[in-house]
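# Examining the three-dimensional arrangement
Residues per chain, in single letters:
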Amino acid sequence: MKIKIETTNPSRKKTEMLCGFVLENSEKILGINNISSKITSSIRQSLKDMKGESGKIIVVPTNNKTQAKRILLAGIGKKEKITNDTIRFVSGKIAQKASELKLKEFSIILPPSYLIESISAASQITEGCKMALYKFEKFKSKKEQSSPDISIFVSKSNKISKAIKNSEIVSEGVIFTKSIANLPPNECNPTTLATLAKGIAKKNKIKCTVFSKNELKKKGFGGITAVGQGSKNEPKLIILEHQGGSRNEKPIVLVGKAVTFDTGGISLKPGEKMDEMKFDKCGGCTVLGIMKAVSELKLPINVVGIVPSVENMPGGDSYRPGDIIKLYNGKTAEILNTDAEGRLILADALAFGEKKYSPKTIIDFATLTGACIVALGTNVAAIISNNERLTQKIKDSSRRTTEEVWELPLNEDYMNMIKSDVADMKNIGIGRAAGTITAAAFLRNAIEETPWIHIDIAGVAWTQVATKFKPYNPKGATGFGVRLILDYLQKM
Ligand code: BES
Ligand code: ZN
Ligand code: ZN
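Residues numbered from 1 in each chain as written. Chains lettered and ligands numbered in written order. Predicted model: local features only at pLDDT ≥ 70, side-chain atom pairs only at ≥ 80, totals over all residues. Heavy atoms only, no water.

Turning next to the packing of aromatic side chains. The relative placement of two aromatic rings is captured by the distance of their centres and the angle of their planes. Applying the stated rule across the entire model yields nine aromatic pairs. A centroid spacing of 6.0 Å and a plane angle of 55° characterise the contact between phenylalanine 211 and phenylalanine 221, whose relative ring orientation is tilted. Placement of the pair is phenylalanine 211 in strand 7 (residues 207-211) and phenylalanine 221 in the loop between helix 6 (213-219) and helix 7 (222-228), with a sequence separation of 10 residues. Side by side, phenylalanine 211 and phenylalanine 221 carry an identical accessibility label, which is buried. Ring geometry for phenylalanine 352 and tyrosine 357: centres 6.3 Å apart, planes at 90°, overall edge-to-face. An identical accessibility class is assigned to phenylalanine 352 and tyrosine 357; each is buried. A network of ring pairs unites the aromatic residues Phe211, Phe221, Tyr328, Phe352 and Tyr357 as a single cluster. For the cation-ring pair, lysine 219 lies above phenylalanine 211, with the distance from its terminal atom to the ring centre recorded as 4.7 Å. (Phe/Tyr/Trp six-rings, centres within 6.5 Å; stacked < 30°, edge-to-face > 60°. Helix = DSSP H or I, 4+ residues; strand = E, 2+ residues; numbered from the N terminus. Buried < 20%, exposed > 50% of the residue type's maximum accessible area, 1.4 Å probe, protein only. Lys NZ or Arg CZ within 6 Å of the ring centre and 35° of its normal.)

Turning our attention to the environment of glutamate 241. When you line up the elements, glutamate 241 lands in strand 8 (residues 236-243). Separated by 12 residues in sequence, glutamate 241 and valine 253 place their C-alpha atoms 9.3 Å apart. Apart from the residues lying within four places of it in its own chain, the contact partners of glutamate 241 are Ile206, Lys207, Thr209, Met291, Val303, Val304 and Tyr357. Within the structure, glutamate 241 has its side chain in polar contact with the side chain of tyrosine 357 (distance 3.1 Å). (Contact = heavy atoms within 4.5 Å. Polar contact = N/O pair within 3.5 Å; in protein donor to acceptor, adjacent residues only side chain to side chain.)

Coordination of the zinc ion (ligand 3) by the protein involves Lys257 (NZ), Asp262 (OD), Asp280 (OD) and Glu341 (OE), with metal-donor separations of 2.0 to 2.4 Å. Each of the six donor atoms bound to the zinc ion (ligand 3) contributes to angles spanning 76 to 173°, and the resulting shape is octahedral. Sequence spacing of the donor residues for the zinc ion (ligand 3), all on one chain, is K-x4-D-x17-D-x60-E. The two metals, the zinc ion (ligand 3) and the zinc ion (ligand 2), are separated by 3.2 Å and share aspartate 262 as a common coordinating residue. (Donors = N, O, S within 2.8 Å, 3.2 Å for Na, K, Ca; no water. Tetrahedral: all angles 85-135°; square planar, octahedral: opposite > 155°, others 65-115°.)

So, on to the site of ligand 1. Around ligand 1 lies a shell of 17 residues, among which Lys269, Asp280, Asp339, Glu341 and Gly370 are the nearest. Within the side chain of aspartate 339, a nitrogen or oxygen atom sits 2.8 Å from an oxygen atom of ligand 1. Glutamate 341 places a side-chain nitrogen or oxygen 2.8 Å from an oxygen atom of ligand 1. Protein contacts shield 78% of the accessible area of ligand 1, which totals 510 Å² for the unbound molecule. (Near = heavy atom within 4 Å. Areas by Shrake-Rupley, 256 points an atom, 1.4 Å probe, with all protein chains shown as cover.)

For strand 14 (residues 361-366), the tally of buried residues reaches six of six residues, placing the bulk of the element in the interior. Covered by surrounding structure in strand 14 are Thr361, Ile363 and Phe365 together with Ile362, Asp364 and Ala366, the residues of both alternating faces. Examined bridge by bridge, strand 9 (residues 252-256) and strand 14 share five bridges and lie parallel to one another. For valine 253, the partnering residue across the bridge sits in strand 14 and is isoleucine 362. Sheet analysis places strand 14 next to strand 18 (residues 452-456), joined by five bridges and oriented parallel. Note that in strand 18 the partner of aspartate 364 across the bridge is histidine 454. (Pairing = 2+ DSSP bridges.)

Every protein donor of the zinc ion (ligand 2) is listed here as Asp262 (OD), Asp339 (O), Asp339 (OD) and Glu341 (OE), and their distances to the metal cover 2.0 to 2.2 Å. One can describe the donor arrangement at the zinc ion (ligand 2) as irregular, given that its six donor atoms subtend angles of 69 to 166° at the metal.

Let us look at the domain arrangement of the protein chain. In terms of domain boundaries, the protein chain breaks down into domain 1 (3-154) and domain 2 (170-491). A buried area of about 1,700 Å², summed over both sides, lies between domain 1 and domain 2, and 66% of it is on carbon and sulfur atoms. Counting the contacts that link domain 1 with domain 2 gives two salt bridges. Of the charged contacts in the structure, one is a salt bridge between arginine 483 and glutamate 127, with a shortest N-O distance of 3.3 Å. There are eight residue pairs in polar contact (both at pLDDT 80 or more) connecting domain 1 and domain 2. Elements supplying a minimum of two residues to the side of domain 1 that touches domain 2: helix 2 (86-100) and helix 3 (118-132). The element best represented in the side of domain 1 that touches domain 2 is helix 3, accounting for six residues. Class assignment of the residues belonging to the side of domain 1 that touches domain 2 gives a composition of six nonpolar, five polar and six charged. (Domains from an automatic or database assignment. Buried area = accessible area lost by both parts, 1.4 Å probe. Salt bridge = Lys/Arg side-chain N within 4 Å of Asp/Glu carboxyl O. Nonpolar A, V, L, I, M, F, W, Y, C, P; charged D, E, K, R; others polar.)

Below, the discussion takes up the state of the cysteines. Inspection of the entire model under this criterion finds zero disulfides. There is no disulfide at cysteine 19, and the cysteine sulfur nearest it, in cysteine 129, is 8.1 Å away. Look at cysteine 19 and you get buried, because its relative accessible area is 0%. Cysteine cysteine 372 remains unbridged, with the sulfur of cysteine 282 as its closest cysteine sulfur at 13 Å. (Disulfide = S-S within 2.5 Å.)

Have a look at this one:
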């Protein structure tokens with residue numbers, strides 16, 4: 001699928017489908033003044049029928065009376081109600097329609113800049129179309145999805161083509177994340193993720209280091225070692241380093257939980273929906289997708305991605321409730337539930353990231369707690385931080401990308417809830433109280449003073465029953481966090 005821009009008159013373009021946006025109750029296609037007079041009556045009728053309702057699309061055949069074989073009208077609703085996501089959402093619908101019609105190419109007219117700033121509109125069209133055309137079909141004998149080429153009609157091309165290129169790389173990062181997060185657990189274990197990471201590193205000329213089970217044990221990664229010991233698929237710690245800034249510049253460290261399957265271990269999960277725990281690697285997959293895009297965008301900063309990866313299985317070698325383990329930073333943890341495994345592997349990775357890289361900022365992503373879904377549902381991620389400025393920046397990126405976040409508090413009272421009688425901490429809180437926060441309290445103990453933000457993506461990492469429909473998030477992994485953090489990194 002290629003995206004290119006054109007500055008000619010859209011009415012003169014020979015295309016399989018010409019798509020234009022329509023405001024609520026408007027009788028005009030934005031950006032077109034003179035569609036061939038021979039078909040204006042059928043267009044006018046269609047405009048009346050659809051009323052420019054946001055998200056509604058209608059395809060009008062032109063019976064060879066214009067250069068375009070069809071005209072697609074895409075409603076974007078009331079002018080005042082247009083959000084950062086409107087064009088992205090509607091473009092996703094358009095692209096899926098084109099794929100359904102098996103078109104080889106189609107054209108979209110950029111809405112005028114007085115309505116939506118052109119760079120932003122072009123970026124949203126690119127993201128919406130690209131992301132909506134991804135479908136997880138790796139294991140289907142017959143593939144359905146096609147990937148038509150797109151022409152975008154603009155009035156001025158400078159800067160816009162750069163923005164489109166940029167959005168293409170961002171969207172490909174999201175798609176990469178989705179495509180590995182969707183892999184079933186028999187096809188993706190920690191070693192598979194390490195191989196995928198090495199693939200990115202080789203292609204994009206960045207550094208990749210992988211610690212094996214023995215190295216992890218020797219170096220004192222007690223959390224990763226304990227959680228990983230119950231599976232014959234050995235644990236790994238994957239590190240990717242992008243050096244776009246100067247050598248002595250402090251990096252941003254990104255850490256992502258990658259439990260390739262979470263059975264709960266000896267504290268076995270109930271069977272219902274256990275299959276969904278293949279998505280317990282989404283945090284790590286998000287980090288890999290971001291690192292891929294960061295290196296392709298050649299961002300002029302230093303970024304390190306750290307992915308602790310394990311399979312959490314019950315068995316004769318598994319760690320148990322009652323065990324006391326020593327984490328990378330030397331603190332001890334009493335295990336009271338082997339299903340609270342994410343915080344153990346993340347604590348090791350966070351402590352290692354801070355010690356080894358003295359980073360400017362640490363950001364972690366994890367499908368960490370079921371409690372996060374209870375608190376915020378399946379459309380908003382929880383954020384918990386030790387730094388207000390960082391929190392504000394992530395909120396700003398959230399507003400721009402429409403990857404929604406909501407802040408939860410973390411004070412001493414919560415830190416006290418994970419105190420253990422026999423070790424420095426325990427790996428669960430008190431009953432069901434504030435489960436998302438007590439998990440974050442455990443992570444907080446892993447770092448010293450570096451500005452840090454934790455993003456619990458348990459509700460948003462894949463589509464669940466209550467997930468709001470978005471054409472660019474078809475069933476399965478959503479790649480949540482990739483656009484959010486790339487926005488944050490690009491604004492630095
Ligand atoms: N991976 C799960 C969290 C999860 C559950 C994410 C459902 C998305 C959907 C995590 O490892 C876990 O099992 N957490 C426990 C913690 C509890 C034992 C303190 C949970 O949330 O129940
Ligand atoms: Zn678990
Ligand atoms: Zn888990």
